[in-house]
Amino acid sequence: MGGRRVNTKLSPFVYKVKGKKNYLLFDSLRGLIYNISPEGCPYELESQLIENELVIKTKGVIPFKFRPNIEIYKLKLVLKELQLRITGNCFFDCPECGEIGKCKKGATDISKDLLDIIANQVKYVEIQSLSIMGGNPLLKLEMVEYIKSKIIAKNYRIMCYSCKIEELKKEKEIIDKMGITFTDLICDIGNIAEENMSVNVMEFFFNQEYNPCWGSKIAIDSNGDIKACMWSGKIFGNVRETSISNLIFTHKFDEFWKITKDEIEVCKDCEFRYSCSDCRVIAEKESGSLHSKTLFCSYCPDTGEWL
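Predicted model only: the values in this text are computed from it and were never measured.

Cut-off values and rules
Residues numbered from 1 in each chain as written. Predicted model: local features only at pLDDT ≥ 70, side-chain atom pairs only at ≥ 80, totals over all residues. Heavy atoms only, no water. Helix = DSSP H or I, 4+ residues; strand = E, 2+ residues; numbered from the N terminus. Buried < 20%, exposed > 50% of the residue type's maximum accessible area, 1.4 Å probe, protein only. Contact = heavy atoms within 4.5 Å. Areas by Shrake-Rupley, 256 points an atom, 1.4 Å probe, with all protein chains shown as cover. Pairing = 2+ DSSP bridges. Axes fitted to C-alpha atoms, helices over the stretch in contact; angles between N-to-C directions. Parallel < 35°, antiparallel > 145°, perpendicular 65-115°, else oblique. Left-handed = near helix turned anticlockwise from the far one by under 90°. Nonpolar A, V, L, I, M, F, W, Y, C, P; charged D, E, K, R; others polar. Core = buried A, V, L, I, M, F, W, Y, C linked by side-chain atoms within 4.5 Å. Arc of directions from axis to C-beta.

## Thoughts on the overall build of the protein chain
Then step 1. Summing up its helical and strand segments, the protein chain has ten helices and 16 strands in all.
Then step 2. Looking at the 307 residues of the protein chain, the share that counts as buried comes to 49%.
Then step 3. Residue pairs in contact within the protein chain that sit at least 24 positions apart in sequence constitute 69% of those at least 6 positions apart.
Then step 4. Of the roughly 15,900 Å² that the protein chain leaves accessible, carbon and sulfur atoms contribute 51%.

Right, here's the structure in full:
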């Protein structure tokens, strides 16, 4: 005879996402995700869930459910990320960049008067992360310093595919002194795996209403063109004639910002959909559709297996 089942509820800090075959439990306190198969002995599964504190025993009382506040992205002028390309130049020839990095001789450099226009337009915008991009941004340290003095953000970072940082140690030291971080990876979309899923509780809920990559992000090219992402082909205008704030207030970016995984083919049936990364630019390039599954994911929600 099987054991007697107890009355349990999900822990207040654990969230469930249903997939086509399996389901996911996200433990927001410990930042862990559990991919659960409903097959097997229910008593053993229940025992494991209790042991890992994913569920709690109750007497019919529904526990308080914690939910982080992401309304900030709706009620205020807040950007999760502002991307600025300050140059298209780079004297390296990195195969990772090519057309994506737009590293080429004679490419446009951003001007201080254009930066002044941008700074004036975003002075009332709360910018959580300002990403300075190229080409190779380390070739324009005076512009990096100027940006930091003119545009307020919670975090600043240099983004470059490789930049051969070992050959630019002096420039890297200057960046460090400015309090700017450096990342040599612009996008980790090519490494979708269970161990690389997002485990941040704010992102988990943000991804239910916004695209993991495009959500609340604006990119401004070195010539002033405004995009939802630096690699997107759609231009919303130019900062010399178009107000960034007006674009936000009139929801012009929503067609990109709000492409959630619930709207993407295959992803909508996946239990990992709120914990995963994304790149709509690559998906559209490969399939011709903004709503197709990304090329780099090998997970099959139908079978619950990584292929």
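## Some words on the environment of Leu130
Then step 1. Locating Leu130 in the fold gives a position in strand 9 (residues 129-133).
Then step 2. Considered as a pair, Leu130 and Leu79 are 51 residues apart in the sequence and their alpha carbons are 9.3 Å apart.
Then step 3. Filtering out sequence-adjacent residues up to four positions away, Leu130 remains in contact with Leu82, Leu84, Ile147, Ile151, Ala153, Asn155, Tyr156 and Arg157.

## Notes on the sheet that holds strand 4 (residues 32-36)
Then step 1. Pairing within the open sheet is antiparallel, and its three strands lie in the order 2-3-4. Edge positions in the sheet fall to strand 2 (14-18) and strand 4, since each has one partner strand and no second. Going across the sheet, the axis of each strand differs from the next one's by a mean of 20°, ignoring polarity.
Then step 2. Relative to strand 4, strand 3 (residues 23-27) is paired through five bridges, and the arrangement is antiparallel. Of the residues in strand 4, the one forming a bridge with Leu25 is Tyr34.

## Describing the packing of helix 4 (residues 112-121) against helix 5 (residues 141-150)
Then step 1. Contact pair helix 4 / helix 5: the axes reach a minimum separation of 10 Å and the direction vectors enclose 25°. For the element pair helix 4 / helix 5, the angle class is roughly parallel. Our pair here, helix 4 against helix 5, has a crossing hand that is right-handed. In this structure, helix 4 uses Lys112, Leu115, Asp116 and Ala119 to contact helix 5, whose residues at the interface are Met143, Tyr146, Ile147 and Lys150.
Then step 2. Its residues assigned to classes, the contact of helix 4 with helix 5 comprises five nonpolar, no polar and three charged.

## As for the nonpolar core
Then step 1. If you look at the biggest cluster of nonpolar residues, it comprises 73 residues, and the most contacted ones within it are Leu84, Ile118, Leu130, Ile151, Ile218 and Phe253.
Then step 2. Of the residues forming this core, the biggest block, five residues, is contributed by helix 5.
Then step 3. What Leu84 contacts, discounting residues up to four positions off in sequence, is Leu115, Ile118, Leu130, Ser131, Ile132, Met133, Ile147, Ile151, Ile220 and Met230.
Then step 4. Within the second largest apolar cluster, eight residues are counted, among which are Leu25, Tyr34, Ile36 and Leu54.

## Focus on the sheet that holds strand 14 (residues 237-238)
Then step 1. Strand order in this open sheet of seven strands is 11-10-9-7-12-13-14, and the pairing throughout is mixed. Among the strands making up the open sheet, the edge pair consists of strand 11 (181-183) and strand 14.
Then step 2. Bridge count for strand 9 against strand 10 (residues 155-159) is four bridges, and the pairing is parallel. Note that in strand 10 the partner of Ile132 across the bridge is Ile158.

## Examining helix 4
One turn of an α-helix holds 3.6 residues; hence residues three or four places apart share an orientation.
Then step 1. Residues of helix 4 that are buried: Leu114, Leu115, Ile118, Ala119 and Gln121. Along helix 4, the residues classed as buried sweep out an arc of 165° about the axis, all on the same side.
Then step 2. Buried positions along helix 4 lie against strand 7 (81-85), helix 5, strand 12 (217-220) and helix 8 (244-249).

What is shown is where atoms sit, not what they do.
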